[in-house]
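# Residue-level structure breakdown
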Amino acid sequence: MIANSLLRCALIGVALIFCSSSVEASAEVWGVNAEVEGYRNLGRGSCQDSRGKMYSYLQREMAFPDAITCAQKECERFGNLGSYRGFEFSVGKRCTCLFDVDQAPAVPDSEGAPVYVGGSDGGDGDVFSTTAMPGTTCFSNSPGSMIQVHAALALLSSASIFMLL
């Protein structure tokens, strides 16, 4: 009976390590693990503040080739605003610039100007974590953000193996 429990724990630990590696490998295809200079990649999910609130946003209605282009060609122009918190990049190649609650800047709406969609949410202050939902990657420009979500999978795997000892 104890041997069966140990075997199950070992299998769970190996499965968690394998799943974590598989998720990371497939994530590379669309840039979930991308490194963007000046930003901290918090991993998959929408960015959240310390209260679990998402941020107000601006999203240009066009596709961007990768997270680096999203940061450099779109969101970094807001970098001097104290309310700018970072950006999200999605599997649909959408670039979403994030701001504190009701602090998204006005964008030109003249003929020929880029088209944006936006929304307001209750996020305020530094990015703290993510929703961990697949499809979007959170990039924070604040230095004190939490570690990537996949680190939690590694910790869980280690705990499972430790249980075997």
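Residues numbered from 1 in each chain as written. Predicted model: local features only at pLDDT ≥ 70, side-chain atom pairs only at ≥ 80, totals over all residues. Heavy atoms only, no water.

### Structural notes on the pairing of strand β4 (residues 84-90)
Counted residue by residue, β4 has seven buried out of seven residues, so it is predominantly covered. With five bridges connecting them, β4 and strand β5 (residues 95-99) associate as antiparallel partners. The partner of Gly86 across the bridge, within β5, is Leu98. Hairpin connection between β4 and β5: a loop of four residues separates the two successive antiparallel strands, and Lys93 in this loop has a positive phi of roughly 65°. Examined bridge by bridge, β4 and strand β8 (residues 136-140) share five bridges and lie antiparallel to one another. Residue pairing across strands places Glu88 opposite Cys138, the latter belonging to β8. (Buried < 20%, exposed > 50% of the residue type's maximum accessible area, 1.4 Å probe, protein only. Helix = DSSP H or I, 4+ residues; strand = E, 2+ residues; numbered from the N terminus. Pairing = 2+ DSSP bridges.)

### Structural notes on the state of the cysteines
For the coordinates displayed, the defined rule picks out three disulfides. For Cys47, the disulfide goes to Cys138, at an S-S distance of 1.9 Å. With the S-S dihedral at roughly 115°, the linkage between Cys47 and Cys138 falls on the right-handed side. Separated by 91 residues along the polypeptide, Cys47 in strand β2 (residues 47-48) and Cys138 in strand β8 bring together distant segments of the chain. Take Cys47: its relative accessible area is 0%, and that puts it in the buried class. Cys138 gets classed as buried once you look at its relative accessible area, which sits at 0%. Disulfide pairing places Cys70 opposite Cys95 at an S-S distance of 1.9 Å. Taking the sign of the S-S torsion, 75° for the link of Cys70 and Cys95, the bridge is right-handed. One end of the pair, Cys70, is in helix α2 (residues 67-73); the other, Cys95, is in strand β5, and 25 residues separate them in sequence. (Disulfide = S-S within 2.5 Å.)

### Some points on the packing of aromatic side chains
Going through the model one piece at a time under the given rule, you end up with four aromatic pairs. Geometrically, the ring pair formed by Tyr84 and Phe99 is tilted, given 5.8 Å between the ring centres and 55° between the ring planes. With Tyr84 in strand β4 and Phe99 in strand β5, this pair connects stretches of sequence that are 15 residues apart. Taking the centre distance of 4.6 Å and the plane angle of 5° together, the rings of Phe87 and Phe139 count as stacked. Of this pair, Phe87 sits in strand β4 while Phe139 is found in strand β8, placing the two residues 52 residues apart along the sequence. Here Phe87 matches Phe139 in class, with each residue buried. Connected via pairs of aromatic rings, a cluster forms that spans Tyr39, Phe87 and Phe139. (Phe/Tyr/Trp six-rings, centres within 6.5 Å; stacked < 30°, edge-to-face > 60°.)

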